[in-house]
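Architecture and fold: a report
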Amino acid sequence: MMNKFAMFGKLTALPGKRGELAKMMLASSDTLRGMEGCIYYIVHEAEEEPDVLWITELWESKEAHAASLQNEQVRELIGSCMPLIAEAGGIKVNPIGGIGF
């Protein structure tokens, strides 16, 4: 049995560009909606950091997540977002249970 894969991604937009970046990231949720293995993909605005977005993702497996990064539409979206991003990071986590899991 494969373990699920989760990530908390942090994107810091260039000053004043968070709204534009968020709009583009939300467009990616349309691409991911029908993608095999994607359980959820949620974009959040940080309350106390005006340029920061957090993205939470849950996938059926690491392999499903890796396959999504090979999708042509996802790759195009990443490329179009790059000019708006000052810094990208995040952490990979192993989900173990809870509500909604």
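Attention here is on the structure that accompanies the text. (Residues numbered from 1 in each chain as written. Predicted model: local features only at pLDDT ≥ 70, side-chain atom pairs only at ≥ 80, totals over all residues. Heavy atoms only, no water.)

1. So, the environment of V74
With respect to the helices and strands, the residue V74 is situated in helix α3 (residues 72-81). Note: C-alpha distance between V74 and T31 (43 residues apart in sequence) is 7.2 Å. In contact with V74, other than residues within four places in its own chain, are T31, L32, M35, S68 and L69. (Helix = DSSP H or I, 4+ residues; strand = E, 2+ residues; numbered from the N terminus. Contact = heavy atoms within 4.5 Å.)

2. Some words on the sheet that holds strand β4 (residues 85-93)
The strand order β2-β3-β1-β4 describes an open sheet built from four strands, whose pairing is antiparallel. The sheet is open, and its two edges are formed by β2 (38-45) and β4, each paired on a single side. Direction aside, neighbouring strands of the sheet carry axes that sit 15° apart on average. Strands in contact with helix α1 (residues 18-33) are β1 (5-13), β2, β3 (52-59) and β4; relative to β2, the strand with the most contacts, it is inclined by about 170°. (Pairing = 2+ DSSP bridges. Axes fitted to C-alpha atoms, helices over the stretch in contact; angles between N-to-C directions.)

3. A few points about the state of the cysteines
Applying the stated criterion to the full structure yields zero disulfides. Summary of cysteine pairing: C38 is not part of a disulfide, and the nearest cysteine sulfur, belonging to C81, is at 16 Å. Overall, C38 belongs to the buried group, its relative accessible area being 18%. (Disulfide = S-S within 2.5 Å. Buried < 20%, exposed > 50% of the residue type's maximum accessible area, 1.4 Å probe, protein only.)

4. Some details on the pattern of salt bridges
Counted according to the given criterion, the structure contains four salt bridges. E60 serves as the salt-bridge partner of K4, at 3.1 Å between the closest nitrogen and oxygen. Linking K4 in the segment before β1 with E60 in the loop between β3 and α2 (62-68), this pair joins segments that are 56 residues apart in sequence. The partly exposed category is assigned to K4, whose relative accessible area is 29%. Given the relative accessible area of 39%, E60 is considered partly exposed. (Salt bridge = Lys/Arg side-chain N within 4 Å of Asp/Glu carboxyl O.)

5. A few points about the layout of surface pockets
Roughly 480 Å³ of internal volume is contained in the largest pocket. Surrounding the largest pocket, 22 residues form its lining, M25, Y41, E57, L69 and I78 being those nearest its centre. By residue class, the composition of the lining of the largest pocket is 15 nonpolar, five polar and two charged. (1 Å grid on protein atoms, 1.4 Å probe; cavity = no way out; pocket = protein on both sides within 12 Å on 5 of 7 lines; lining within 4 Å. Points joined across faces, edges and corners; volume = space filled by probe spheres on them. Nonpolar A, V, L, I, M, F, W, Y, C, P; charged D, E, K, R; others polar.)

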